[in-house]
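Analysis of the macromolecular model
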Amino acid sequence: MSRKWILPEDRFFDPDDSQKKIALEIYHSVKDLPIVSPHGHVDPKLFSKDSEGFGTPADLLIIPDHYVFRLFYSQGLRLEDFGIPRRDGSKEEIEQDHRKIWQRFADNFHMLRTTASYSWLAYEFKFILGIDEIPDSDNAQEIYDDIYEKLKSPEFQPRNLFDRFQIEVLSTTDGAADSLSIHQEIKESGWKGNIIPAFRPDSVMNITSPNFKQEIDKLSNAAGIDIIDFKTYIRALESRRQFFKSMGAVSTDHAVVCPMTSELPEPELNRIFTNALKGESTEAEQAAFSGHMLNEMARMSCEDGMVMQLHPGVLRNHNHMIYDRFGADKGCDIPVTTEFTRNLQPLLSKFGNNPRFTLCLFTVDEYTYSRELAPLAGHYPAIRLGPPWWFNDSWNGMTRFFDSVTETAGLYNLSGFIDDTRAFPSIPARHDVWRRVVSNWLAKMVSRSFIDTQDALDLANMLVYRQPKSVYKLG
Amino acid sequence: MSRKWILPEDRFFDPDDSQKKIALEIYHSVKDLPIVSPHGHVDPKLFSKDSEGFGTPADLLIIPDHYVFRLFYSQGLRLEDFGIPRRDGSKEEIEQDHRKIWQRFADNFHMLRTTASYSWLAYEFKFILGIDEIPDSDNAQEIYDDIYEKLKSPEFQPRNLFDRFQIEVLSTTDGAADSLSIHQEIKESGWKGNIIPAFRPDSVMNITSPNFKQEIDKLSNAAGIDIIDFKTYIRALESRRQFFKSMGAVSTDHAVVCPMTSELPEPELNRIFTNALKGESTEAEQAAFSGHMLNEMARMSCEDGMVMQLHPGVLRNHNHMIYDRFGADKGCDIPVTTEFTRNLQPLLSKFGNNPRFTLCLFTVDEYTYSRELAPLAGHYPAIRLGPPWWFNDSWNGMTRFFDSVTETAGLYNLSGFIDDTRAFPSIPARHDVWRRVVSNWLAKMVSRSFIDTQDALDLANMLVYRQPKSVYKLG
Amino acid sequence: MSRKWILPEDRFFDPDDSQKKIALEIYHSVKDLPIVSPHGHVDPKLFSKDSEGFGTPADLLIIPDHYVFRLFYSQGLRLEDFGIPRRDGSKEEIEQDHRKIWQRFADNFHMLRTTASYSWLAYEFKFILGIDEIPDSDNAQEIYDDIYEKLKSPEFQPRNLFDRFQIEVLSTTDGAADSLSIHQEIKESGWKGNIIPAFRPDSVMNITSPNFKQEIDKLSNAAGIDIIDFKTYIRALESRRQFFKSMGAVSTDHAVVCPMTSELPEPELNRIFTNALKGESTEAEQAAFSGHMLNEMARMSCEDGMVMQLHPGVLRNHNHMIYDRFGADKGCDIPVTTEFTRNLQPLLSKFGNNPRFTLCLFTVDEYTYSRELAPLAGHYPAIRLGPPWWFNDSWNGMTRFFDSVTETAGLYNLSGFIDDTRAFPSIPARHDVWRRVVSNWLAKMVSRSFIDTQDALDLANMLVYRQPKSVYKLG
């Protein structure tokens, strides 16, 4: 017999009655606040007038979610059997029957228990899709039918869900050369959903990439600037930032393995850059160039006011076999030790005191929280700490974050929650975890008399709603 | 007046009543399951027909237990006074009177309070040896007499304790050249205790060791293969693995300071190896050779199916004075930072997707849990995470482990408990701590509604019994 | 309407009733014990016969407290507006009106909620200064008046507060060339407050400092030894240590970025040292020299019995702009990764077994607790672990410390609490946090039956009072 989700109103809260009562009071004060989502990876096409909606239940919950299928893979199941598309487009061996994919998902769903994904999916099944039973081998097809029907209904079209989720603003992440035509189209469509772009220039800064020249050509075209040297390159970037800003962007985003920052002299930069256009560049040059460009991005942020987001420390595509067959973002990105204190010093010494600059720091190396991130955020006016990212975006991960950073950095130096997700239907689930952890953690502080309930209610509102709007200038 | 042990049935559980009730229900469902011990260092001679039993109370609980005497040493007491034998065999200054050793132990026993050893010893005194009082200066000799008598009784002979402990299988750890004659003798003795060997080739891989040539000679003899170059060396290793497997071994074990993995070309390997036989090798060559040999061991595991266990990150014999006087394993092994993501990448990219391969990872650097180990285990099908090892094998250590890895890696990617002990009588005590932590942690998850009680009962059984059997292919 | 402090007797304790009852029993047994403060940075002049007392409320609580004003700075407020003096002595732009400074402090006081400073200030306002209301924009001037009057009263003169705080001994920290004339004067004044110096030779070891020659000249004069080479330098240091010891000093203190230890040959040392006197030295020489000098300091401690304190891992003056304008100690010291195992090995192998040697280790890198510090302290007789330092000197920071080190190192290898503060009125507040965390943590251990209440009462007394006296040889 299939089992039902048990998701009581006091879930995720510590069991002590007196503390839990406070947690519930705090939670009730924030649970219905609008969702502010200043950084994420939802595809804007979902909301265009030609949107194809969410597809099948497998399209919705399995095929695009590497959080989920990586765990099945780790238990010896094959990505092919979950319909993960091959990099070369070939369908050989790739399961095309979404019912079969769904059945496998349900057969193995129990393996996810106690993971962050399990609690997100619980929320999505129960509260978004209205499915009361926990998927298993027996009920798989019935649940498939139920979801499949719902996804075809008007109620479950993306724009309607966006409204139902009470999303006040949703930022996508877009390449530096992106035309933002989808954003433009959405804007002009008359629909009131506020979807803004964010400027992510990684691909035009990665000088060792085999596609570098092509990427620069795209940037040239987009900016309408003939990029022939470092100066024109910088001008093109500045121009694109202006365009993004005019389209509503409030932030830029930068992923690097090592957050080294530095400054190179102009002739050296020019030499590296023009050689790179000819396909000649070394790893050492890439590192130096990346360090300099982070500084340049900080300088531009001081000028145009866009919030600079830094996501360092992930070694991408660790598993070559999977990368060769299925490409990027398949669950094989593994964190490495990240050092902020020395690496960011050049950038911070130059721009960290600038009142126009906001640098939002993220990490997958939580073993920097109390040592580096909290002391840096507790001093530099430019720094705000993003919430626990990726693998740490979970109940325990967030709890450790609050325990480790707040005594040093305070709560005013946090950015509030960032969902950073590709999975649109998981957004309310993820924000709900944050709201619950914030409530539980503040209740812990109240029950130990560090603050009182009035403080907690104010701080919860700030952490859930006011702070992300203010940090990202979404006022 | 001497004090008594207070070890209530609900010990180690969080005090909240509702959560504790769940913890007790879970604990009662697993407390009497058989003990599966797939990795440890108990001397098999203990179970041979010529076993001399456990000796005196000091032989049982003090002299062989560096967890205990290192703490007395840290407080200014001398190892000599606890009868720790000298490396050179000399008895000069070494206390020979076990009653005096025992008295010192009891005089200072209070220093152990709040350590992991204190809770293991509490269990051993109360539940294994039937001693109700906590050792102190007054009751020391009385307790000595009591234990001494018991250790002579048939009930306390090793084979009988093995049965009483309900050990389903116990793995020893054995050198690559070991004849395994004791294992053979035990097998043939008619006693049903299941004691299996594990293949540990460290000494025949450490090319800078002054004994390297001797170790290779022993390997040659044991394998019946004339080792003259890298090829014959590899053949000898393969042959020994086959022999170990035929004797019931299911795993290999590898201790390295740095878990670097790599691949060297054959001529280079041959050069390094043949030079090493002549006593000519450098630290750099040792590092490169070790990296390659980890890859070779993974390759062989893919072929023969033996689980590969990796125990990296311990700097042995940190205190030269103690090493010179007393030798290895005297409590002066100190952990160092361990890096898995980059170091294991070459090995994992080659073998990490192989369905025949299991790599069980251990660490004494817990500051890799959420950053490296959980993401790796949550992706590669070959990886399983061993439980908290050595200094982290404790109530808080285990609790942090579950909090840090499960949301990313899930519970199915853990190996279950490994006691890794030399101290046979501590085995039930150590497994009991695991069972209690598992129960408490799952109760925490139930009381916060992440899972329900039915899930918890299933997962507890898996973590205590099913998982170590399945990961180590123990039937 | 202004709000009042809520500081119940059971604050900071976990909410479970049964555990809290135990915590309260433990706390009541230690709350009134005298304060032992073996390391800190209070200015001894405060207690001289010419003491100017505490000045205004802003002089007392804001201007000297970089824990507080760094947080306002991090939120975009200017240090100038809090009256922080400029390095060059100029008063340009620096607020001189302490009432305005106080108003700004009160206006922004809410930003400190949940930080360690907030709980210290709560204690100081309520229990030391007798202020019931939480500072805010409305009550700021009233509170200013109230405190201002009190600070002029005899009751609030430093010596009287010292007595009221029940400080048994207070150590200052003093340069190697300091005449200790204030200490002498206090001693001779007839007042019974026990204020002792500590020997901190950092400035005479930093060979790359532009002031190095001057510092050595001061050392020469103070010691009455003409320092012309390494030998005379060592003799001068030994002589100063003797002098400090004769003035009551029981410890030395050493701040280094990296705790590397080593030994250089005498000619090499002499060459480095004499070149440094001429202003010629490199970073590499500085590192080698520092490593050697730590070893020398350990050697001298073995001889004169002074406890060696090591405070590594802080990168000072990270924010160049702030340093240039306001100088050192302005909240811009940021921790870096610290490695103890390999770095301390040379020193420990030579002196770590010496019964006359005590090395008290501190860290701002808590991600060394279980990996390095606990195993080192659980073995070497010389090592004691200082309490969580600086950013980790907080409720959560201390709780993590106990959870991470005690199972391996035991409690007997801890030093007890060290307040390490410049802020004299915060001393009772800081010690009270320690006493509360100790009580809460031991109650946690009792409620889980690791120890019983009798153990907890004994261990609490040790951690609060006996241990710092015994580790620092304070009678």
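Looking up chain A in an unreviewed UniProt entry gives the name Uronate isomerase, with the organism given as Flexilinea flocculi. Checking UniProt for chain A, the heading Sequence similarities (unreviewed entry) contains the comment "Belongs to the metallo-dependent hydrolases superfamily. Uronate isomerase family." According to the UniProt record, the Pathway (unreviewed entry) comment for chain A reads "Carbohydrate metabolism; pentose and glucuronate interconversion."

Moving on, we come to the domain arrangement of chain A. Residue and element names in this part refer to chain A. Taken domain by domain, chain A comprises domain 1 (17-49 + 160-471) and domain 2 (54-156). With 29 residues of domain 1 at the interface, the matching set in domain 2 holds 25 residues. When the two sides are added together, the surface that domain 1 and domain 2 hide from each other amounts to roughly 2500 Å², 61% of it contributed by carbon and sulfur. In terms of surface lost to domain 2, no three residues of domain 1 exceed R325, F326 and P425, which account for 25% of the buried area on that side. Across the contact surface, domain 1 and domain 2 share three salt bridges. In this structure, the salt-bridge partner of E80 is R325, at a minimum N-O distance of 2.6 Å. Our enumeration of links across domain 1 and domain 2 arrives at seven residue pairs in polar contact (both at pLDDT 80 or more). Residue assignment for the side of domain 1 that touches domain 2 shows that the elements contributing at least two residues are helix 7 (158-164), helix 13 (320-326) and helix 17 (427-447). Looking at the side of domain 1 that touches domain 2 residue by residue, the classes come out as 14 nonpolar, six polar and nine charged.

The tally for this structure, following the rule as stated, stands at 123 salt bridges over all chains. Notably, a salt bridge pairs B:D10 with B:K20, separated by 2.9 Å at the nearest N-O pair. Note that B:D10 is positioned in the segment before helix 1 (17-30) and B:K20 in helix 1, a separation of ten residues in sequence. A relative accessible area of 23% places B:D10 in the partly exposed class. Judged by its relative accessible area of 14%, B:K20 is buried. A salt bridge links C:E149 to C:K152; the nearest nitrogen and oxygen atoms lie 3.8 Å apart. Taken together, the residues C:E149 and C:K152, both in helix 6 (residues 140-152) and three residues apart, mark about one turn of the helix. Under the relative-accessibility criterion, C:E149 is labelled partly exposed at 48%.

A word on the packing of helix 17 (residues 427-447) of chain B against helix 18 (residues 453-471) of chain B. Residue and element names in this part refer to chain B. Two elements in contact, helix 17 and helix 18, have axes whose closest approach is 10 Å; the angle formed by their N-to-C orientations is 155°. Classed by the angle they form, the pair helix 17 and helix 18 counts as roughly antiparallel. As helix 17 packs across helix 18, the resulting crossing turns out to be right-handed. Taking contact as the criterion, the partners of W434, R435, V438, L442 and V446 in helix 17 are, on helix 18, T453, A456, L459, A460, L463 and V464. Along the lines of polarity and charge, the residues of the contact of helix 17 with helix 18 split into nine nonpolar, one polar and one charged.

Moving on to the interface of chain C and chain B. Across the contact, 48 residues belong to chain C and 48 residues belong to chain B. Both faces combined, the contact of chain C with chain B buries some 4100 Å², and carbon together with sulfur accounts for 50% of it. Three residues stand out in chain C for area buried against chain B, namely C:R371, C:H379 and C:E407, and they jointly supply 19% of the buried area on that side. Counting across the interface, chain C meets chain B through six salt bridges. The salt bridge partner of B:D365 is C:R371, with a shortest N-O separation of 3.0 Å. Those elements giving two or more residues to the side of chain C that touches chain B turn out to be helix 1 (17-30), helix 14 (345-351), helix 15 (369-377), helix 16 (395-409), helix 17 (427-447) and helix 18 (453-471) of chain C. If one sorts the elements of the side of chain C that touches chain B by residue count, helix 15 of chain C sits on top with seven residues. Across the side of chain C that touches chain B, the residue classes break down as 16 nonpolar, 18 polar and 14 charged.

On to the sheet that holds strand 2 (residues 167-171) of chain C. All names here are of chain C. Taking strand neighbours across the sheet as the criterion, the three strands line up as 1-2-4 in an open arrangement whose pairing is parallel. On the outer flanks of this sheet lie strand 1 (35-37) and strand 4 (195-196), each paired with one strand and no other. Strand contacts of helix 17: strand 1 and strand 2, with the helix running at about 105° to strand 1, the strand carrying the most contacts.

The rules behind these values
Within each chain, residues carry numbers counting from 1 in the order of the written sequence. Chains and ligands are labelled sequentially in the order written, the chains with letters from A and the ligands with numbers from 1. The predicted nature of this model means local features are confined to residues of pLDDT at least 70 and side-chain atom pairs, given and counted, to a pLDDT of 80 or more, with totals for whole chains, interfaces and linings taken over all residues. Derived side-chain values reflect all non-hydrogen atoms in the structure, with water molecules and hydrogen atoms excluded from consideration. UniProt positions are given in the numbering used here, feature names are shortened, and annotations may be inferred rather than shown by experiment. For each domain, the first and last residues come from an automatic or database assignment. We call two residues in contact when some of their heavy atoms are within 4.5 Å. In this description, buried area is defined as the sum, over both parts, of the accessible area (probe of 1.4 Å) that is lost when the two are combined. By salt bridge we mean one thing: a side-chain nitrogen of Lys or Arg within 4 Å of a carboxyl oxygen of Asp or Glu. N or O atoms within 3.5 Å of each other form a polar contact, as long as, within protein, one can give a hydrogen and the other can take it, and as long as residues adjacent in sequence are counted only when both atoms are side-chain atoms. In this description a helix means any DSSP run of H or I spanning at least four residues, a strand means any run of E spanning at least two, and both kinds are numbered starting from the N terminus. Charged residues are taken to be Asp, Glu, Lys and Arg, nonpolar residues to be Ala, Val, Leu, Ile, Met, Phe, Trp, Tyr, Cys and Pro, and polar residues to be all remaining types, Gly included. Each residue gets one of three labels from its accessible area relative to the maximum for its type: buried under 20%, exposed over 50%, partly exposed in between, using a 1.4 Å probe on protein chains only. Only the stretch in contact is used when a helix axis is fitted, and all axes are lines through C-alpha atoms; the angle between N-to-C directions ranges over 0 to 180 degrees. Just so you know how the angles are binned, under 35 degrees is roughly parallel, over 145 roughly antiparallel, 65 to 115 roughly perpendicular, and the rest oblique. Helix crossings fall into two classes, left-handed where the near helix is turned counterclockwise from the far one by less than a right angle and right-handed where it is turned clockwise. Any two strands are treated as partners once DSSP identifies two or more bridges connecting them.

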